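Structural overview
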Amino acid sequence: MKNKNKNEREVVFWPGNIVVAEAAIAAGCRFFAGYPITPSSEIAHALSKRLPEVGGKFIQMEDEIAAMGALIGASLTGLKVFTATSGPGFSLKQENIGYASIIEAPCVIVNVMRGGPSTGLPTALGQSDVMQARWGTHGDRPVIALTPSYLDEVYSETIRAFNLAEMLRMPVFVLIDEVLGHLSERLEIPDPSEYELIDRPRPTVPPEEYIPYDSSQGDVPPMADYFTGYRWHTTGLNHDKTGFPTTDPKICQEEEERMERKVSSNLDKIISYDEFMTEDAEIGVVAFGSTARAAMVAVSDARDKGIKAGLLRPITLWPFPEEPARELGKKVKGIVVAEANLGQMIYEVERVAGCNGPVIGSNKVGGVPIYPGEILEKIEELV
Amino acid sequence: MHASYTKYLRMNRIPHMWCPGCGIGIIVKAMIRAFEAVDWSSDDLSLISGIGCTSRAPGYLDMHTLHTTHGRALSFATGVKFARPDKHVVVISGDGDATAIGGNHLIHACRRNIDITLIIVNNYIYGMTGGQYSPTTPVGAKAATTPWGNVDIPFNVTELAKGAGATYVARGHIASGVQLERLIRGGLNHNGFAVIEVLSNCHTQFGRRNRLADPIDLIDSISKSTVNIRQAAKMNKEELDGKNVVGLLHRDEDRMEYCEAYEQIIERAQNAQKNRGRR
Amino acid sequence: MSDHYEARFAAVGGQGILLAGDIIAVAAITFEGLYAVDSPTYTAQVRGGPTKVDVIIDSKRIEFTRTTAIDFMLCLAQHSWDRFGFDLKDNCIVLIDPSLVHKVDEERYRVYRLPIIEITKKKMRKMVYTSAVSLGAMAGLTSFLKHESIKKALRKKAPRGTEEPNMKAFDYGFNAARELLKT
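Nothing here was measured: the structure is a model prediction, and the numbers come from that model. (Residues numbered from 1 in each chain as written. Chains lettered and ligands numbered in written order. Predicted model: local features only at pLDDT ≥ 70, side-chain atom pairs only at ≥ 80, totals over all residues. Heavy atoms only, no water.)

Glancing now at the overall build of chain A. A tally of helices and strands in chain A yields 13 helices and 17 strands. Relative to a compact globule of 383 residues, whose C-alpha radius of gyration would be 21 Å, chain A shows 21 Å and is just as compact. In terms of principal-axis extent, the alpha carbons of chain A reach across some 70 × 50 × 45 Å. Restricting to contacts in chain A with at least 6 residues of sequence separation, those with at least 24 account for 76%. Carbon and sulfur atoms provide 51% of the accessible area of chain A, an area that totals close to 13100 Å². (Helix = DSSP H or I, 4+ residues; strand = E, 2+ residues; numbered from the N terminus. Rg over C-alpha atoms; globule rule 2.2 N^0.38 Å. Contact = heavy atoms within 4.5 Å. Areas by Shrake-Rupley, 256 points an atom, 1.4 Å probe, with all protein chains shown as cover.)

Turning our attention to the environment of N191(B). Residue and element names in this part refer to chain B. Position of N191 among the secondary structure elements: in the loop between α7 (177-189) and β8 (194-199). With a relative accessible area of 34%, N191 lands in the partly exposed category. Distance in space between the C-alpha atoms of N191 and D220 is 34 Å, their sequence separation being 29 residues. Only 3.0 Å separates the side chain of N191 from the side chain of E260, close enough to count as a polar contact. (Buried < 20%, exposed > 50% of the residue type's maximum accessible area, 1.4 Å probe, protein only. Polar contact = N/O pair within 3.5 Å; in protein donor to acceptor, adjacent residues only side chain to side chain.)

On the side of chain B, 44 residues touch chain A, which itself brings 42 residues to the contact. Summing the contributions of chain A and of chain B, the shared interface buries around 3400 Å²; its carbon and sulfur component is 59%. Notably, a salt bridge pairs E62(A) with R112(B), separated by 2.6 Å at the nearest N-O pair. Here chain A and chain B share 22 residue pairs in polar contact (both at pLDDT 80 or more) between them. Of all the elements in the fold, those that place two or more residues in the side of chain A that touches chain B are α2 (41-53), β4 (57-60), α3 (64-76), α4 (87-103) and β11 (233-235) of chain A. Ranked by the residues each element gives to the side of chain A that touches chain B, the list is headed by α3(A), at eight residues. In terms of residue class, the side of chain A that touches chain B is made up of 21 nonpolar, 13 polar and eight charged. Relative to strand β2 (residues 64-67) of chain B, β11(A) runs parallel, the two being bridged by three bridges. Note on β2(B): the bridge partner recorded for T235(A) is H67(B). (Buried area = accessible area lost by both parts, 1.4 Å probe. Salt bridge = Lys/Arg side-chain N within 4 Å of Asp/Glu carboxyl O. Nonpolar A, V, L, I, M, F, W, Y, C, P; charged D, E, K, R; others polar. Pairing = 2+ DSSP bridges.)

Residues and elements named next belong to chain A. Reading across from one edge, β12-β14-β13-β16-β17 is the order of the five strands in this open sheet, with mixed pairing throughout. Sheet topology places β12 (273-276) and β17 (359-363) at the edges, where each strand pairs with a single neighbour. Shown here is a sheet whose adjacent strand axes are inclined to one another by a mean of 20°, direction ignored. Judged from the five bridges that link them, strand β13 (residues 283-287) and strand β16 (residues 334-339) form a sheet pairing that is parallel. (Axes fitted to C-alpha atoms, helices over the stretch in contact; angles between N-to-C directions.)

In this section: the pairing of strand β10 (residues 184-189) of chain A. Of the pairings in the sheet, the one linking strand β2 (residues 10-15) of chain A to β10(A) comprises six bridges and is antiparallel in character. What sits directly across from W14(A), in β10(A), is E185(A). Examined bridge by bridge, β10(A) and strand β2 (residues 35-40) of chain C share two bridges and lie antiparallel to one another. Within β2(C), the residue paired with E185(A) across the bridge is V37(C).

Okay, the nonpolar core next. Judged by nonpolar contacts, the single largest core of 134 residues is most densely connected at I43(A), F82(A), V110(A), I335(A) and F193(B). For this core, the element with the most residues is helix α6 (residues 151-168) of chain A, which contributes 10 residues. Both domains that meet at this core, namely domain 1 (2-194) and domain 2 (274-382) of chain A, each give it at least three residues. Once residues within four sequence positions are removed from consideration, I43(A) is found in contact with N17(A), V20(A), A21(A), F32(A), F82(A), A84(A), V110(A) and V112(A). In terms of nonpolar packing, the next biggest core, distinct from the first, is built from 48 residues, A36(C), V53(C), A137(C) and A169(C) among them. (Core = buried A, V, L, I, M, F, W, Y, C linked by side-chain atoms within 4.5 Å. Domains from an automatic or database assignment.)

All names here are of chain B. Structurally, E257 can be placed in the loop between β10 (244-251) and α12 (258-278). Buried and without a salt bridge, E257 has K81 as its closest oppositely charged side chain, separated by 5.7 Å. In this structure the side chain of E257 is engaged in a polar contact, spanning 2.9 Å, whose partner is the backbone nitrogen of C259. There is a polar contact of 3.0 Å between the side chain of E257 and the backbone nitrogen of E260. In contact with E257, other than residues within four places in its own chain, are N113, I114, D115, N191 and G192. (Lys, Arg positive; Asp, Glu negative; His and termini not counted.)

Here we come to the pattern of salt bridges. Inspection of every chain in the model, using the stated rule, returns 52 salt bridges over all chains. Here K93(A) makes a salt bridge to E64(A), at a shortest N to O gap of 2.3 Å. Separated by 29 residues along the polypeptide, K93(A) in helix α4 and E64(A) in helix α3 bring together distant segments of the chain. The buried category is assigned to K93(A), whose relative accessible area is 0%. R155(C) is paired through a salt bridge with E164(C); the nearest N and O atoms lie 3.0 Å apart.

Attention now goes to the domain arrangement of chain A. Residues and elements named next belong to chain A. Here chain A is partitioned into domain 1 (2-194) and domain 2 (274-382). A straight line from the C-alpha centre of domain 1 to that of domain 2 covers 26 Å. On the side of domain 2, 25 residues touch domain 1, which itself brings 29 residues to the contact. For the pair domain 1 and domain 2, the summed buried area comes to about 2100 Å², and 55% of that belongs to carbon and sulfur atoms.

Before going further, it helps to examine the sheet that holds strand β7 (residues 168-173) of chain B. Reading across the sheet, the nine strands line up as β11(A)-β2(B)-β1(B)-β3(B)-β4(B)-β8(B)-β7(B)-β10(B)-β9(B) and stay open at both edges, with mixed pairing between neighbours. Lying at the two open borders of the sheet, with one neighbouring strand each, are β11 of chain A together with β9 (226-228) of chain B. On average, each strand axis in the sheet is tilted by 20° relative to the strand beside it, whichever way the strands run. Of the pairings in the sheet, the one linking strand β3 (residues 88-94) of chain B to strand β4 (residues 117-122) of chain B comprises five bridges and is parallel in character. Within the sheet, the bridge partner assigned to V90(B) lies in β4(B) and is T117(B). Strands in contact with helix α6 (residues 157-164) of chain B are β4, β7, β8 and β10 of chain B; relative to β7(B), the strand with the most contacts, it is inclined by about 170°.

Here is the structure:
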């Protein structure tokens, strides 16, 4: 369904997974490699049709690992690349996600989260990859994970994921869940003039002067596309600025710290969050993704009952919005952390909020969303 | 020296890290001569590897080189080639990398018939990780993890590639560099997925455990195990038992290459879109 | 509250009922300027398995996207009723095809029986029009959305070339439902 409203914004009614696919195209993505997995598969369905229409490439690889590999290969040629997966597929991709991190290849990975460890609940909601997103691959590396709650946000955050991946030369995750993936709601497609598209920094020096990991101009080194005359080496080994392996402890330390800095020194550009009635809040609620929508209702219902509740909704989950969490922690008597898992983000809230009162969880893992009433009960517990 | 090796090498990365007497050097030389013979510019070439001794080769070659994760070289290569079908992609891998951890990618790259040339250096063992047995270690052979002899049946790598749909399959060995160059060149020229298995030596890990610690002895034993495909045609099954047939083993020029097939998909999708627009 | 409405369409996989949910949501959004969300059941795609789609309509942006108090439910299979006959308001309008659904809670709900399958089979001769007949029947029995809005949305969403038969099928359902209300 397509319709133009008065501001000439196209109004559509698409399921979340289709919104992801269309946003990727709008962001300039021209390469997708994936592997079938519920509940993310519709993203691949849509892109297998749409990408060739815009001259892009779609490939279904033999497994999740290969999909991640192909993605990185294509990224090195200069394309904006993207894959979508869910729980087990995200686990399988982790090694090559680490590879993308160390060679600093821009790529976007959408994880439509589902429930359970292992095969778990393949077709039901979960938000159980909070910590996998942060620590899933071995070793230290910076992480960006975006967690939209509404389909217009799914659209804008998917575009933002591409921009951040390109700007900072790193994998960026978008974590949605089964509910958002299959939900359809009214969505106004922003006109391309309403958002900016960012490309990776490319070298300005001639090939003979190119140093692949030259950080003299900043923590994000310019990246040359393959086959443009800049011949350079990429390796998963720790490397120096020439890109070749090194075991020099000082260089390894400096390079890993530089990669961390790409995120830690750009928090203002990365962190996004929303607050609802937190100004005078006495009870805090923290929730992300589809659960945050139930939390919104719970907070409104609490207010109706005279309880001063307020919601902090991280739209960037990693790096965690520490400052607003700390501010919230300062003013409230207690915090409810609602998430469709057995308690993951709560560790982060406990760590940063410095709340004098209790921090308790509202958790559910059976594949059914947390209902507003359940969060409200927890709020009332804290009163 | 017939070829200008230095044109393709990163001379500042030499000396290499391989053991003295290792066959990989011979293979890299043959590969470079083949690059020169087909006149491919370094700027149009990507050399991709996984993990292992062989996989260190790209570091020494002055082109777009990608040293990836263990077993996954072909998946990265598929991404590079599919994104830029007009450029050349070569993968160099070992027996463990290509046929164990990367076995799934191997058969699917064969099936897709994407225009990538894969060189598998088969030295019958995991060299870099410490001499563990691989999917090509002969039955009875000793390895770090088969101290009492190997009971796993090895793969026949070329038959595997052929069965999976590779459209150019060849086997060479390090005692015949001229033939090897010719086989690699054939693979580079072939428009489709080409697999060249190269029988090689690891005296350090395989030889030492199997009474062939001297590289000359090991190379000799490899050489003696081979029989040229033309000769093999005249031999019976018993005579061929235990022999490695070398040469061009299989070629199919008729199957469409993957990227070319996908170009047609793009065309079909764009035409359909245009037609929708017209209506 | 008159500005909030929840509807559920339950059937078995293959009847194309998921599309009905989409059409109702589009009717609300496009032709009445309301907000709507639509969530289909998502399971392994099995023909004949119970399936449903929930639609929530509101004059404000919808926060919680699950149903909690359903106003209207269409059900075309007994096992779909057994599985999805929950979250219904007392007095919820329940529309069933009596040849497929035999047992529902008559005390709690306002149950209407229409031979949707038979109408589709006899009048349209193609079962793909089950959704259109059902939507017509829903439009005949309920008034939250204008029936013209639903009809317009159906026309908009109908596959190219099937607009007219879909309109006809809608009318058959609509008229049958109006007849039912008269009795």
